[in-house]
Amino acid sequence: MREARERLFRSIFASHFCYNPARQAMDFDHLITFVEIAKQGSFSRAGQKLYRSQPAVSAQIRQLEQEYGQKLFDRVGKSVRLTVAGETLLEYAGRLLTLRNESLRAVADQASTPRGTLAIGANEATCLYVLPDIFAEYTRRFPSVQISIYRNFSHKVLEKVEDGTVDVGIVTMPVKSPSLKVHSIFRDRLMLMVAPTNPLAAFKSVQTADIADQPLIFPKTGFMRQVLDKQFRPFRSRLRIIMELPSVGMIKQFVAAGLGVSIISETFARDEVKAGQAKLIPISDIDIWRELGLVYRRDRTLPRSAAAFVSLVRQGVGTVAGDIEPKAAAKR
């Protein structure tokens, strides 16, 4: 079976890379389309993702099927699914596209300055509130590099770093994977965020029990939700969680509007505090911090674009360097 698969791979490789004047050669664009259809289960959805018309997508698949002499998709109602031949091709299409990307990056790395693409993963809040300054400095220094951002929860980012899809990830600590190199780069205190009209806004500090009596706005999922559930477990019987929201931006808007209170990283709410739309209050009976780490594979040589990013972050350029140190809790 393995020998048969390798023969197929060699035939695919030859059909894409050997010159044959008797026909129009396939290119990587056909394989990209094929992989996207397999992922979406639909020609039309794949076309939307790739900004191509459905007739153009269909034409590419017909050409692939003529190339390999096999039907690649079967129609099932309004969707499509891979045939046995299509499933086999999908494996090798992924390998070919990976090789192509590696070759592009390897050639780009021969330049004296970073070029190509920096593939980085981080969650939404980190992208919005921590990374803009360092991205600005990076693009100023290395204008030939295109930044590609994979935005998802930290555990998903770690998966992408592990499988090599993403060069570098910025994730919530701690990270326990032995295959990853980890550098702590940012530390931010968690504080109570309230509207200026909230009675707690007059306090210099609060305790967890005071917060438990307020209408609460919590993140729906993620690291912060885990922390809050653990911290407020002793007060579970009296908690009033009036909203569970998917983003920091939404939480801030509803807190500023006076609908409830939340606990948030100090950096994330600085603009609202500066504008007088909200207040941040230390929590005197707990000391909770959010720490971010820069991660990448130990066993892989980073592309020059990614190595330059790691170096820039570790030099302490931009907001990422702004490690916020603990402050003594104030008395009421």
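Every chain begins its residue count from 1, and numbering advances along the sequence as written. Local features in this predicted model are restricted to residues whose pLDDT is 70 or higher, and side-chain atom pairs enter the listing and the counts only when it is 80 or higher, whereas totals over whole chains, interfaces and linings include all residues. The side-chain values count all of the structure's non-hydrogen atoms but skip hydrogen atoms and water molecules.

Novice: An account of the packing of aromatic side chains is needed here, citing residue identities and associated values.
Specialist: Two aromatic rings, drawn from Phe, Tyr or Trp (for Trp, its six-membered ring), form a pair once their centres lie within 6.5 Å of each other, and the interplanar angle then sorts them: stacked below 30 degrees, edge-to-face above 60, tilted otherwise. Applying the stated criterion to the full structure yields seven aromatic pairs. Relative to F73, the ring of F34 has its centre 5.5 Å away and its plane inclined at 55°; by these criteria the two rings are tilted. Residue F34 is located in helix α2 (residues 28-40), and its partner F73 is located in strand β1 (residues 73-76); the two are separated by 39 residues in the primary sequence. Judged on exposure class, the residue F34 and its partner F73 are both buried. Seen from their ring centres, Y138 and F309 are 5.8 Å apart, and the 70° between their planes marks the pair as edge-to-face. With a gap of 171 residues between them, Y138 in helix α7 (residues 132-141) and F309 in helix α13 (residues 304-314) connect regions that are remote in the sequence. Each of the two residues, Y138 as well as F309, counts as buried. Among the aromatic residues, ring-to-ring pairing joins F135, Y138, F142 and F309 into one connected group. Charge-over-ring placement is defined geometrically: NZ (Lys) or CZ (Arg) within 6 Å of the ring centre, and within 35 degrees of the ring normal. Across the ring face of F43, the terminal group of R75 is positioned such that the distance to the ring centre comes to 5.3 Å. Sitting over the face of the ring of W289, R187 holds its NZ or CZ atom 4.2 Å from the ring centroid. Starting at the N terminus, helices and strands are each numbered in turn, a helix being any DSSP run of H or I of at least four residues and a strand any DSSP run of E of at least two. Note on classification: 1.4 Å probe, protein chains only; a residue is buried when its accessible area is under 20% of the maximum for its type, exposed when over 50%, partly exposed between these limits.

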